[in-house]
Amino acid sequence: MLRVFILFLTSVFILSACAATPTSTIGPDGKPLPRVYRIADRNTGAIQFRVLDSVNALRQAAGAEPVQLNAQLTAAAATHSRDMSVQNRPWHFGSDGSSPIDRIQRSGYTGLPLGENISESFETELETLAAWMDQADTRAVILDSNAVALGFSWFQESNGKIWWTMVTGG
């Protein structure tokens with residue numbers, strides 16, 4: 001019986017040495033390692049309204065009136081996000097040479113096109129919004145007192161990279 005017990009214990013120790021070691025979620029600098037932020041289709045509405053609520057909170061703090069989510073502006077933003085991915089570069093011109101004004105007008109928006117913010121990142125929508133607020137030119141688009149409408153969309157590649165676009169209209 002003692003032999004069986006010793007064999008059992010030896011087997012357990014040998015097998016435990018073969019077990020996979022858990023991967024650390026903390027980097028050598030003591031900070032959490034980045035994780036790929038995956039956006040599921042079912043989260044589209046929640047993300048858009050989370051951004052809208054955040055933008056309106058920022059606008060309220062700055063003394064600006066709230067904006068409303070607009071389907072035509074969101075369509076223009078979605079088109080440009082996908083196009084930036086195809087071009088593999090974040091910039092304001094489409095692969096067909098279109099400007100933000102062209103895309104907004106093509107979408108059927110009848111108001112005044114005011115601004116566009118773009119980003120290429122692996123970050124969440126709120127981290128992207130915070131980055132835009134850190135820069136004077138992109139912050140000005142978000143807080144523009146003439147804005148009454150907002151379009152916000154993205155395109156996520158299979159590797160996790162996200163192409164974000166926000167457009168505003170008056």
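Calculation rules
- Residues numbered from 1 in each chain as written.
- Predicted model: local features only at pLDDT ≥ 70, side-chain atom pairs only at ≥ 80, totals over all residues.
- Heavy atoms only, no water.
- Buried < 20%, exposed > 50% of the residue type's maximum accessible area, 1.4 Å probe, protein only.
- Helix = DSSP H or I, 4+ residues; strand = E, 2+ residues; numbered from the N terminus.
- Pairing = 2+ DSSP bridges.
- Core = buried A, V, L, I, M, F, W, Y, C linked by side-chain atoms within 4.5 Å.
- Phe/Tyr/Trp six-rings, centres within 6.5 Å; stacked < 30°, edge-to-face > 60°.

**Considerations on the pairing of strand β2 (residues 113-121)**
Consideration 1: Within β2, seven of the nine residues are buried, which leaves it mostly tucked inside the rest of the structure.
Consideration 2: Bridging between β2 and strand β4 (residues 162-169) involves eight bridges; their strand directions are antiparallel. Pairing of Glu 120 across the sheet is with Trp 163, part of β4.

**Points about the nonpolar core**
Consideration 1: With 17 residues, the main nonpolar core has Val 55, Trp 132, Ile 142, Phe 152, Trp 154, Trp 164 and Met 166 as its most contacted residues.
Consideration 2: Within the residue set of this core, elements represented by two or more residues are α2 (44-61), α5 (125-133), β3 (149-156) and β4.
Consideration 3: In this structure, Leu 73, Ala 76, Ile 104 and Val 167 belong to the second largest nonpolar core, which totals seven residues.

**Some details on the sheet that holds β4**
Backbone hydrogen bonds hold the strands of a sheet together, and the pairing may be parallel or antiparallel.
Consideration 1: Across the sheet, which stays open at both edges, the four strands sit in the order β1-β3-β4-β2 with mixed pairing between neighbours. Only two strands of the sheet have a single partner each, and these edge strands are β1 (68-69) and β2.
Consideration 2: Relative to β3, β1 runs parallel, the two being bridged by two bridges. Bridge assignment links Gln 68 to a residue of β3, and that residue is Ala 149.

**Looking at the packing of aromatic side chains**
Consideration 1: In this structure the tally under the stated criterion is four aromatic pairs.
Consideration 2: Ring geometry for Trp 91 versus Phe 93: centroids 5.5 Å apart, planes at 65 degrees, classification edge-to-face.
Consideration 3: Judged by its relative accessible area of 40%, Phe 93 is partly exposed.
Consideration 4: Taking the centre distance of 5.6 Å and the plane angle of 20 degrees together, the rings of Phe 152 and Trp 164 count as stacked. On the criterion of sequence distance, the pair formed by Phe 152 in strand β3 and Trp 164 in strand β4 is long-range, its members being 12 residues apart. For the pair shown, Phe 152 and Trp 164 are each scored as buried.
Consideration 5: An aromatic cluster of at least three residues, connected via ring pairs, comprises Phe 152, Trp 154 and Trp 164.

Structural measurements only, silent on function.
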